[in-house]
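The residues making up each chain are set out below.
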Amino acid sequence: MPWGPLWGRLSDGQSRLKSRLRPNWPPSNWVFISRPIGNRPSPLAASQSGPKAVQLLFSCACHNAHMQEVNIGIVGLGNVGSGTLAILAGNADQIALKLGFRLKVTAVCCRTVATKRIPESLGPVFRTPDWREVVAHPDVDIVAELVGGTSVAAEIVDAAIANRKSVVTANKELMAACGPEIWDRAIRAGINVAMEASVAGGIPIHAVLREGISGDRITALYGILNGTCNYILTEIEKRDAPLETVLAEAQQLGYAEADPSADLDGIDARSKLAILAALAFGEKITPSDIFMEGIRRISPLDFHYAHQLGHTIRLICAARQTPEGLILSVRPALIPRSTILAGVQGAYNAVWVKGTYGEDTFYYGRGAGSLPTGVAVVSDLMRVARE
């Protein structure tokens with residue numbers, strides 16, 4: 001670990017979690033519990049190859065689309081919801097080709113739904129300001145909860161499970177706080193829950209941890225998981241500007257909320273780390289157990305001193321397994337400028353995973369934005385529909 005010592009000793013205030021691994025946690029079907037929605041033969045079993053095969057596959061997919069559809073209800077048409085709709089409309093044929101059937105947007109919900117523009121190519125869509133009408137809609141198979149927060153969002157997810165509707169969510173705060181309870185109810189109801197978009201929007205890190213490197217034993221995970229903080233820190237470093245100035249610019253560009261506390265204080269990043277650590281280490285993680293420090297005190301002078309040491313500063317989410325237990329923290333950290341994490345600039349996210357057998361792997365991409373996060377939501381919808 002080239003810069004492991006930078007995390008300090010076990011006595012320096014980091015959170016320590018003694019292993020609380022439960023024998024059956026997480027269950028083998030932690031994310032997706034199979035509930036087939038009809039029998040759909042896939043056209044991808046065709047034996048031909050080349051352009052004719054592609055044409056045949058597309059024809060099969062379109063033919064199957066008239067016979068089989070999976071109906072989607074979307075609750076929340078903000079940044080992520082609008083991006084999801086745009087992808088479902090603009091990439092409908094490719095989605096049908098890959099699935100062998102179509103995803104159809106049947107119902108949408110937003111408090112200002114009357115003012116929202118729904119892509120015409122989606123056809124007739126039921127619109128309502130009441131999320132209960134979407135969840136209870138008899139034609140909706142999968143509910144996409146894209147409103148955020150932990151109050152109304154929790155009600156939406158609970159109601160969807162009660163109605164035996166599969167759920168796709170981008171809600172990091174809710175899943176970090178209530179994920180195990182939601183999972184347990186979903187398992188009992190026999191439905192699917194997917195949440196790829198909840199962490200590092202444009203990076204399929206859930207799929208990586210759940211499937212791609214599941215054969216490895218993960219020993220450490222380090223990530224830049226908050227694009228707002230990373231943008232602010234890299235701009236302070238580049239321009240020698242104070243945090244307040246860069247924050248105001250970030251708000252004008254849409255990188256930071258009007259109330260940036262969740263970002264600047266590390267709350268957003270802590271929720272994301274809780275989710276990834278649960279996936280990576282099989283632990284039930286409570287966000288409040290994670291040591292957290294934000295970036296409010298970082299100034300250009302800190303970067304001057306860091307550069308003298310050959311380092312830079314990033315808000316790092318860290319999780320590593322030790323003989324004493326799992327150590328978790330979210331805090332500004334000195335990292336050598338020669339490391340790959342130091343090169344992550346602007347609003348991008350990155351995750352570095354270290355395994356016992358596969359050793360180091362690195363994942364990089366946009367951490368937020370309507371379309372990158374929308375891709376994660378649509379991919380989850382496809383996966384759940386396929387199940």
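Structural data are supplied above this passage.
Given the structure is predicted, the values throughout are model-derived calculations rather than measurements. (Residues numbered from 1 in each chain as written. Predicted model: local features only at pLDDT ≥ 70, side-chain atom pairs only at ≥ 80, totals over all residues. Heavy atoms only, no water.)

J.: Would you mind going over the environment of Ala136 in detail, with residue names and values included?
T.: Within the fold, Ala136 resides in the loop between α4 (131-135) and β5 (142-145). Separated by 26 residues in sequence, Ala136 and Ala162 have C-alpha atoms that sit 9.8 Å apart. Filtering out sequence-adjacent residues up to four positions away, Ala136 remains in contact with Asn163 and Lys165. (Helix = DSSP H or I, 4+ residues; strand = E, 2+ residues; numbered from the N terminus. Contact = heavy atoms within 4.5 Å.)

J.: I'd love a proper account of the sheet that holds strand β4 (residues 126-128), names of residues and values included.
T.: Either a parallel or an antiparallel arrangement is found when strands of a sheet pair, and the pairing is made through backbone hydrogen bonds. Taken in spatial order, the six strands line up as β4-β3-β2-β5-β6-β7 in an open sheet, and their pairing is parallel. The sheet is open, and its two edges are formed by β4 and β7 (193-194), each paired on a single side. Against the sheet, helix α2 (residues 79-90) engages β2 (69-75) and β3 (102-109), with an angle of about 150° to β3. Contacts between helix α5 (residues 152-162) and the sheet are confined to β2, β5 and β6 (166-169), with β5 contributing the most and set at about 170° to the helix. (Pairing = 2+ DSSP bridges. Axes fitted to C-alpha atoms, helices over the stretch in contact; angles between N-to-C directions.)

J.: So what's going on with the packing of aromatic side chains? Residues and values would help.
T.: Applying the stated rule across the entire model yields three aromatic pairs. Taking 5.5 Å as the distance between ring centres and 40° as the angle between the ring planes, the aromatic pair formed by Tyr222 and Trp352 counts as tilted. Pair noted here: Tyr222 is in strand β8 (residues 218-224) and Trp352 is in strand β12 (residues 348-355), with a separation of 130 residues, a long-range link. The class of Trp352 is buried, set by a relative accessible area of 9%. Their ring planes at 55° and their centres at 4.8 Å tell us that Tyr231 and Tyr255 sit as a pair that is tilted. Taken together, the residues span a long stretch of sequence, with Tyr231 in helix α8 (residues 227-239) and Tyr255 in the loop between α9 (243-253) and α10 (261-264) at a distance of 24 residues. For Tyr231, a relative accessible area of 9% puts it in the buried group. (Phe/Tyr/Trp six-rings, centres within 6.5 Å; stacked < 30°, edge-to-face > 60°. Buried < 20%, exposed > 50% of the residue type's maximum accessible area, 1.4 Å probe, protein only.)

J.: How would you sum up the packing of helix α6 (residues 172-189) against helix α11 (residues 267-281)? Please name residues and give values.
T.: Interhelical geometry of α6 versus α11 gives an angle of 50° and a closest axis separation of 9 Å. Between α6 and α11, the interaxial angle falls into the category oblique. Like other packed secondary-structure pairs, α6 and α11 cross with a definite hand, here left-handed. Between α6, through Lys172, Glu173, Met175 and Ala176, and α11, the contact on the second element is made entirely by Asp268, Ser271, Lys272, Ala274 and Ile275. Here the contact of α6 with α11 is composed, by residue class, of four nonpolar, one polar and four charged. (Parallel < 35°, antiparallel > 145°, perpendicular 65-115°, else oblique. Left-handed = near helix turned anticlockwise from the far one by under 90°. Nonpolar A, V, L, I, M, F, W, Y, C, P; charged D, E, K, R; others polar.)

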